[in-house]
Structure formats: structure tokens, C-alpha cells
Amino acid sequence: MSQQSFRSLNVGFNSYVDIKEIIAIVSHDSVPIKRLVQAAKKEGKSVDASRGRRTRSVILTDKGTLYLSCIQPETLSERMTPISVPERLIRWAPQRSKK
């Protein structure tokens, strides 16, 4: 039995999606996306991970399931991008002025 790596994306409130299944992360603001979400809800192919909060992003998967999240698409995209430890330290380190 081969061991498969499972890398997941936290879409809010301890709900996770397998990164390999994600096709796109889009904003919920456009009318075509809202229609797509309504159709998925009607067919039972949507997962609401927003816990009643305002939906800000929709995650489309290759299996046809839509995940609704209250997290901004930009934030979810940043969570998918791996950041090495030195970059993290540099990013959050206070800037020193040169004398």
C-alpha cells in the first residue's frame, strides 16, 4: 500500500480541502459565481464552511464540489503558497534603520 501525501487548505472553522482537488478559488461577488453556488446547493454539491458568516470566496474542486468560505480569496491563496522559514523571519522582522 503506497502512502499518499495529503496537503490540505484550511478554509475556515477547522474545515479543510485537499489542495490537489482545488481547481480555482474565486470571489463570491460576481453574478455567474452566485448562480453556480445556487445550482450546487440545489444539487447538494456545496459545502458551507462559513458557519453562517458572509461568504467571501468559493473553492471549486475537480470533483464538482463547491466549498463556501468566509475567508478572502487572497488569504486562501497565500495559505496555499509555501513560505520557507527564513522568508517568514525576514517578512516579520522589524526593519532597522541604517546609521
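Preceding this section is the structure that the text describes.
So, here's what we can say about the structure. As the structure is a prediction and not an experimental result, all values here were calculated from the model. (Residues numbered from 1 in each chain as written. Predicted model: local features only at pLDDT ≥ 70, side-chain atom pairs only at ≥ 80, totals over all residues. Heavy atoms only, no water.)

1. So, the side chain of S57
- For S57, the position within the fold is in strand β5 (residues 57-61).
- Polar contacts involving the side chain of S57 include one to the main-chain carbonyl oxygen of I71, which spans 2.7 Å.
- The residues contacting S57, other than those within four sequence positions of it, are I25, V26, H28, Y67, L68, S69, I71, Q72, P73 and L76. (Helix = DSSP H or I, 4+ residues; strand = E, 2+ residues; numbered from the N terminus. Polar contact = N/O pair within 3.5 Å; in protein donor to acceptor, adjacent residues only side chain to side chain. Contact = heavy atoms within 4.5 Å.)

2. A closer look at the pattern of salt bridges
- Inspection of the entire model under this criterion finds two salt bridges.
- Here D29 ties to R54 by a salt bridge, and the two come within 3.6 Å at their closest N and O atoms. Placement of D29 in the loop between β3 (22-27) and α1 (31-43) and of R54 in the loop between β4 (46-48) and β5 is noted, with a sequence separation of 25 residues between them. Each member of the pair D29 and R54 is classed as exposed. (Salt bridge = Lys/Arg side-chain N within 4 Å of Asp/Glu carboxyl O. Buried < 20%, exposed > 50% of the residue type's maximum accessible area, 1.4 Å probe, protein only.)

3. Structural notes on the side chain of H28
- In this fold, H28 is placed in the loop between β3 and α1.
- If we ignore the near neighbours within four places in the chain, the residues touching H28 are I33, K34, V37, T55, R56, S57 and V58.

4. A closer look at the nonpolar core
- Core analysis: the biggest nonpolar cluster contains 11 residues, these being L9, V11, V17, I19, I22, A49, I59, Y67, C70, I71 and L76.
- For Y67, the contacting residues outside a window of four places in its chain are V17, V47, S57, V58, I59 and T61.
- Formed by seven residues, the second largest nonpolar core is a distinct cluster that contains I33, V37, V58 and L60. (Core = buried A, V, L, I, M, F, W, Y, C linked by side-chain atoms within 4.5 Å.)

5. Some thoughts on α1
- If you check α1, its first and last C-alpha atoms are 19 Å apart, about what 13 residues at 1.5 Å a residue would give, namely 18 Å.
- For α1, the full list of buried residues reads I33, V37 and A40. The buried side chains of α1 occupy one side of the element, clustering within an arc of 65° when seen end-on. For α1, the exposed residues lying more than 90 degrees away from the buried face are P32, R35, K42 and E43.
- For α1, the secondary structure elements touched by its buried residues are β3, β4, β5 and β6 (66-69). (Expected span 1.5 Å × (residues − 1). Arc of directions from axis to C-beta.)

6. Some words on the sheet that holds β4
- One open sheet accounts for four strands, arranged β3-β5-β6-β4; its pairing is mixed. Pairing within the sheet leaves two strands with one partner each, and these edge strands are β3 and β4. With strand direction ignored, the average angle separating the axes of adjacent strands in the sheet is 20°.
- Where β4 meets β6, three bridges bridge the pair, whose relative direction is parallel. Directly across from S46, in β6, lies its bridge partner L66.
- Its contacts with the sheet put α1 on β3, β4, β5 and β6, and the angle it makes with β6 is roughly 115°. (Pairing = 2+ DSSP bridges. Axes fitted to C-alpha atoms, helices over the stretch in contact; angles between N-to-C directions.)

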